[in-house]
Amino acid sequence: MQLSLADHYREMLIIRLVEEQLMVAMTSGLVSGSTHLCIGQEAIPVGACSVLRKDDPLIATYRGHGWALARGVSPVDLMAEVMGRDSALNGGRAGSAYLSAPLNHFYGENSIVGAGVPVALGLAIACQRAGDGRVPLVSIGDGAMNQGNVHESLNMGSVLEIPMILMVENNGYAEMTPSHALTAVPAIARAAAYDIPGFETDGNDPIAVASTVAKAREIALAQSTTVLVEAHTHRLAGHYSGDVQAYRPAGELQEKHESCPLARAEEQLTQDEVTQIRASVVSYIAHEFAAATQIPAPSPEGAFDYVFSS
Ligand SMILES: Cc1ncc(C[n+]2csc(CCOP(=O)(O)OP(=O)(O)O)c2C)c(N)n1
């Protein structure tokens, strides 16, 4: 069932406000280590997760808070995990860049560029063998398309006819380098190179993303193939929490804010809808953040738990 734009907007706003809250938490010293925010890219996880099966395995990059939240992880658990608390997610062991939620079939983030793709391919082979109709989706950035293991996985997914969706979030930059200065051909061109179906979509429109991912999923299963989706979007925060973004041309951020998924949805919804959804999400996230700050740090006695198998 397709979600309404108002439902998508609510989901996207939850991701945006969680990440804005985390930015405040960072400046207050509540977060150790760096974080990679997906501000501006919310329509991609929200649109995709609205049409995937709840048990389709998901893998994201270090920029994966949106995927976890769209897959049903609660803001309190996610924010507590990022703050290194003894959260219900990973007990503060994963932090921002490595969190996972196996019960939500979110196999987690990965900080090594492109490394989620061969992991997803392994999951996809397992799903194919189980024959239960699950299709894994792995999300990467456009810069990751230049990693060797991504190409090896695409080749293998094509030759072995493995149903899987490779979502490329083209956000205009790979770290601090503009995509066009780094990559010879667009991500979508690699679909033809590996003889697999490929689709481009408007990554700032959750409804466009949902319909493209639904089509990709259907084709992946019907034709037993890996499918590439390139979603065009823009990152509106720094690459990571310490990025001063001196590489951006003047006026770029302002312009991209005006066409971000939230601004676009707000133009299409009524003022009443926007006001009502915003008020409810603002108070929801404030409540979740307050609850997250109440969760204690993990106890030092448990430092070696989960390190060795018994
Ligand atoms: C194998 C590897 N090489 C280099 C890095 C350092 N690094 C971290 S993010 C990044 C750029 C990735 O860009 P992209 O794939 O477009 O994703 P985005 O950060 O834009 O979401 C690089 C080179 C890394 N983490 N892993």
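Everything below is about the structure shown above.
Just so you know, these numbers come straight off a predicted model, no measurement behind them.

Trainee: In this structure, what is going on with the environment of A279? I would like to understand it.
Mentor: As for its position among the elements, A279 is in helix α11 (residues 271-294). A relative accessible area of 48% places A279 in the partly exposed class. Residues A279 and E161, 118 residues apart in the sequence, show an inter-C-alpha distance of 47 Å.

Trainee: How should I be thinking about the side chain of S100 in this particular structure?
Mentor: Along the chain, S100 turns up in the loop between α4 (75-82) and β2 (106-108). Leave out the neighbours within four places in its chain, and S100 touches L89, N90, F106, Y107 and G108.

Trainee: Can you walk me through the site of the ligand in this structure?
Mentor: As a matter of local geometry, the ligand sits amid 15 residues, with Y62, R63, G143, A144 and Y173 nearest to it. Y62 is positioned with one of its side-chain polar atoms (N or O) 2.8 Å from an oxygen atom of the ligand. When isolated, the ligand has an accessible area of 580 Å², and the protein chains bury 74% of it. Looking at side-chain class alone, the shell around the ligand contains six nonpolar, six polar and three charged residues.

Trainee: Whenever I open this one, a nonpolar patch on the surface confuses me. Can you help?
Mentor: Together, M156, V159 and L160 make up a nonpolar patch on the protein surface, roughly 280 Å² of accessible area in all. Here L160 shows up in the loop between α6 (148-159) and β4 (164-170).

Trainee: Would you explain unusual backbone geometry in this entry?
Mentor: Among all residues except glycine, the phi angle is most often negative; among peptide bonds, the trans geometry is most common. Positive phi is not limited to glycine here, since E175 has a value of about 55 degrees. Considering the arrangement of structural elements, one finds E175 in the loop between β5 (173-174) and β6 (177-178). Given the relative accessible area of 48%, E175 is considered partly exposed. Look at Q245: it is not a glycine, yet its phi comes out positive at around 60 degrees.

Trainee: Help me out: how do you make sense of the state of the cysteines in this one?
Mentor: Among covalent bonds in proteins, the disulfide is the one between the sulfur atoms of two cysteines. For the structure shown, the criterion picks out zero disulfides. Between C127, a free cysteine, and C49, which holds the nearest cysteine sulfur, the sulfur-to-sulfur gap is 15 Å. Owing to a relative accessible area of 3%, C127 belongs among the buried residues under this scheme. Unpaired in terms of disulfides, C260 finds its nearest cysteine sulfur in C38, a separation of 12 Å. With a relative accessible area of 3%, C260 lands in the buried category.

Trainee: Mind showing me how you'd approach the pattern of salt bridges here?
Mentor: On inspection of all chains with the given rule, the structure shows seven salt bridges. The residue R16 makes a salt bridge to E42 at a minimum N-O spacing of 2.5 Å. A residue pair is termed long-range when its members are at least 10 positions apart, and R16 in helix α1 (residues 5-27) and E42 in the loop between α1 and α2 (43-49) qualify at 26 residues. Accessibility assignment for this pair places R16 and E42 in one class, buried. E266 is the salt-bridge partner of R278, the closest N and O atoms lying 3.2 Å from each other. Taken together, the residues R278 in helix α11 and E266 in helix α10 (residues 261-268) connect sequence positions twelve residues apart.

Trainee: Where do I start with α11 in this structure?
Mentor: Quick reminder: α-helices carry 3.6 residues per turn. Residues three or four places apart thus point the same way. Along its 24 residues, α11 runs 35 Å from first to last C-alpha, staying within 8% of the 34 Å computed at 1.5 Å per residue. Those residues of α11 not exposed but buried are V274, I277, V281, I285, E288, F289 and A292. Taken together, the buried residues of α11 touch α1, α4 and α10.

Trainee: What am I meant to see in the pairing of strand β7 (residues 198-202) here?
Mentor: Looking along a regular strand, one sees side chains alternate from face to face of the sheet. Side-chain alternation along β7 places F199 and T201 on a buried face and G198, E200 and D202 on a face that remains uncovered. A crossover connection joins β7 to the parallel strand β8 (residues 226-232) through helix α8 (residues 206-222); in handedness this β-α-β unit is right-handed.

Trainee: I keep staring at the packing of α1 against α4 and nothing clicks. Help me out?
Mentor: When two helices pack together, you describe them by how their axes are tilted relative to each other and by the distance separating the axes. At their nearest, the axes of α1 and α4 sit 11 Å apart, and the two run at 30 degrees to each other. The orientation of α1 with respect to α4, classified from their angle, is roughly parallel. Here α1 runs over α4; the crossing is right-handed. Between α1, through I14, V18, Q21 and L22, and α4, the contact on the second element is made entirely by P75, L78, M79 and V82.

Quick notes on the rules
- Residues numbered from 1 in each chain as written.
- Predicted model: local features only at pLDDT ≥ 70, side-chain atom pairs only at ≥ 80, totals over all residues.
- Heavy atoms only, no water.
- Helix = DSSP H or I, 4+ residues; strand = E, 2+ residues; numbered from the N terminus.
- Buried < 20%, exposed > 50% of the residue type's maximum accessible area, 1.4 Å probe, protein only.
- Contact = heavy atoms within 4.5 Å.
- Near = heavy atom within 4 Å.
- Polar contact = N/O pair within 3.5 Å; in protein donor to acceptor, adjacent residues only side chain to side chain.
- Areas by Shrake-Rupley, 256 points an atom, 1.4 Å probe, with all protein chains shown as cover.
- Nonpolar A, V, L, I, M, F, W, Y, C, P; charged D, E, K, R; others polar.
- Patch = residues over 30% accessible without salt bridge, like charges linked within 9 Å, V, L, I, M, F, W, Y side chains within 5 Å.
- Salt bridge = Lys/Arg side-chain N within 4 Å of Asp/Glu carboxyl O.
- Disulfide = S-S within 2.5 Å.
- Expected span 1.5 Å × (residues − 1).
- Right-handed = clockwise from strand over helix to strand, strands pointing away.
- Axes fitted to C-alpha atoms, helices over the stretch in contact; angles between N-to-C directions.
- Parallel < 35°, antiparallel > 145°, perpendicular 65-115°, else oblique.
- Left-handed = near helix turned anticlockwise from the far one by under 90°.

Purely spatial values, then, with no claim about function.
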